[in-house]
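Each chain is listed here by its residues.
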Amino acid sequence: MTDVVDPTSLEAEVARLREELAATTLLARRAADRGEVENLFNRYMFLHNAFQDEQIIPLWVKEGTPGIRAQYTNAGVYTTWESVTRYHRGRPSPVGKLILHATTTPVIEVAGDAETARGVWLMAGTESGLTDPAVAEAFPDMYSPKEVQGKKVWAHWVWCKYEIDFLKQDGEWRFWHFRCFELARAPFEENWVAFGEKNQGAFDLDLMYFGDDGKPVFMPPADEPATDTSHPYSPSTVQQLQPKPPVPYATAADLED
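About the cut-offs
Residues numbered from 1 in each chain as written. Predicted model: local features only at pLDDT ≥ 70, side-chain atom pairs only at ≥ 80, totals over all residues. Heavy atoms only, no water. Salt bridge = Lys/Arg side-chain N within 4 Å of Asp/Glu carboxyl O. Helix = DSSP H or I, 4+ residues; strand = E, 2+ residues; numbered from the N terminus. Buried < 20%, exposed > 50% of the residue type's maximum accessible area, 1.4 Å probe, protein only. 1 Å grid on protein atoms, 1.4 Å probe; cavity = no way out; pocket = protein on both sides within 12 Å on 5 of 7 lines; lining within 4 Å. Points joined across faces, edges and corners; volume = space filled by probe spheres on them. Nonpolar A, V, L, I, M, F, W, Y, C, P; charged D, E, K, R; others polar. Core = buried A, V, L, I, M, F, W, Y, C linked by side-chain atoms within 4.5 Å. Contact = heavy atoms within 4.5 Å. Expected span 1.5 Å × (residues − 1). Phe/Tyr/Trp six-rings, centres within 6.5 Å; stacked < 30°, edge-to-face > 60°. Lys NZ or Arg CZ within 6 Å of the ring centre and 35° of its normal. Pairing = 2+ DSSP bridges.

This model, assessed by the stated rule, comprises 15 salt bridges. Measuring nitrogen to oxygen at the nearest pair gives 3.0 Å for the salt bridge that ties Glu38 to Arg34. In this pair, Glu38 and Arg34 are both assigned in helix α1 (residues 7-49), four residues apart and thus about one turn of the helix distant. Take Glu38: its relative accessible area is 22%, and that puts it in the partly exposed class. Arg185 is the salt-bridge partner of Glu182, the closest N and O atoms lying 2.6 Å from each other. Taking relative accessible area as the criterion, Glu182 reaches 21% and is therefore assigned partly exposed. Because the salt bridges share partners, they merge into one network encompassing Arg29, Asp33, Glu36 and Lys168.

Listed below in structure tokens is the structure:
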């Protein structure tokens, strides 16, 4: 006797399998999106460490994209494609300069609609270079006591946090909102507690880089004042949860600024 398949049961099983396949496909896509977002920021950091910032510009959203912004210090916010990408233009690669920023501890959430993503990272690194003694006189606290090749040495430990929003354009993830929170820094010979006590004002300066001549180059005036300020380490204050690790969300409208 041949078993008779109940058409209703078969249709229900097919429907269940379709739902399971759709859910599995969505899960795989979200995992791939998360990996692409993390690769994007890691690529940024490799390029930045090698003074290849011009190659970072194409990693940003397209010119004219609404809502683009970047904030690096408490000095203000850059809100146009031109002012945001200016940070990456014309950066020199001075002889003897080293930047080595290593990011870690990512928390990344891709939106339910897979159109945006938010991630936070911690960064620990070193920065160093050589400066003419006459130029160094303007910033005596940041330099080491001994000279190398007749120049003053700045060799710093530096710690930062990042909060970045990403937007998918033409099927590719791009930087959309970029926020850097410098938490602490200290010359190699000095601890960050003592340095933080006397250099709080330095965290409010939009320093872009030190040029080929060792002179500091600052960002142009920001487009808007900073309404959300960062809180670098100070021996007189309590640490805050800033930025907050992202939580699952549905669309860009659910993101908190």
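Having seen it, we continue.
The next point concerns empty space enclosed by the protein. Over the atoms, a rolling probe the size of a water molecule traces out where space has been left empty. This structure, assessed with the given rule, holds one cavity of 30 Å³ or more. Quantified by volume, the largest cavity comes out at close to 30 Å³. Lining of the largest cavity is provided by Lys161, His231, Gln239, Gln240 and Gln242. Here the residues of the lining of the largest cavity are counted per class, giving no nonpolar, four polar and one charged.

What follows covers the nonpolar core. Soluble globular proteins tend to bury their nonpolar side chains together. Grouped together as the largest cluster of nonpolar side chains are 37 residues, with contacts concentrated most on Phe41, Tyr162, Phe166, Phe175 and Phe178. Within the residue set of this core, elements represented by two or more residues are α1, α2 (81-86), β2 (98-110), β3 (116-131), β5 (151-169), β6 (172-187) and β7 (207-210). Here Tyr162 is in contact with Phe41, Met45, His101, Gly119, Val120, Trp121, Met123, Phe178, Arg179, Cys180 and Pro243, once residues within four sequence places are set aside. Residues Ala136, Met142, Trp154 and Phe210 belong to the second largest nonpolar core, which totals five residues.

Counted at 1.5 Å a residue, the expected span for α1 with its 43 residues is 63 Å, and the 63 Å between its end C-alpha atoms agrees. Taken together, the buried positions of α1 are occupied by Asp33, Val37, Leu40, Phe41, Tyr44, Met45, Leu47, His48 and Asn49. The inward-facing, buried residues of α1 contact β2, β3, β5 and β6. Looking one or two residues past α1, Phe51 carries a phi angle of roughly 60 degrees, positive in sign.

So, on to the layout of surface pockets. Space inside the second largest pocket adds up to approximately 690 Å³. Around the second largest pocket sit 29 residues that line it, and Arg118, Glu163, Asp228, Glu256 and Asp257 are the ones nearest its centre. Among the secondary structure elements, those contributing two or more residues to the lining of the second largest pocket are β1 (69-71), β5 and β6. Residue composition of the lining of the second largest pocket, by class: 13 nonpolar, five polar and 11 charged.

Right, let's get into the packing of aromatic side chains. If you walk through the whole model with that rule in mind, you get 16 aromatic pairs. Pairing Tyr72 with Tyr87 gives two aromatic rings, centres 4.3 Å apart and planes at 15 degrees, and the pair type is stacked. Remark: Tyr87 occurs in the loop between α2 and β2 and Tyr72 occurs in the loop between β1 and α2; sequence separation between them is 15 residues. Taking 6.2 Å as the distance between ring centres and 75 degrees as the angle between the ring planes, the aromatic pair formed by Trp121 and Phe166 counts as edge-to-face. On the criterion of sequence distance, the pair formed by Trp121 in strand β3 and Phe166 in strand β5 is long-range, its members being 45 residues apart. For the pair Trp121 and Phe166, one class covers both residues: buried. An aromatic cluster is built from Phe41, Tyr44, Trp60, Tyr72, Tyr87, Trp121, Tyr162, Phe166, Phe175 and Phe178, whose rings are joined through pairwise contacts. Over the ring of Tyr87 we find Arg91; its NZ or CZ atom is 4.6 Å from the centre of that ring.

Let's shift gears to the pairing of β2. As paired elements, β2 and β3 share 11 bridges and run antiparallel to each other. Opposite Leu100, over in β3, you have Thr126 as the bridge partner. The antiparallel pairing of β2 with β3 creates a hairpin that spans five residues between the two strands, and Ala114 there sits at a positive phi of about 60 degrees.

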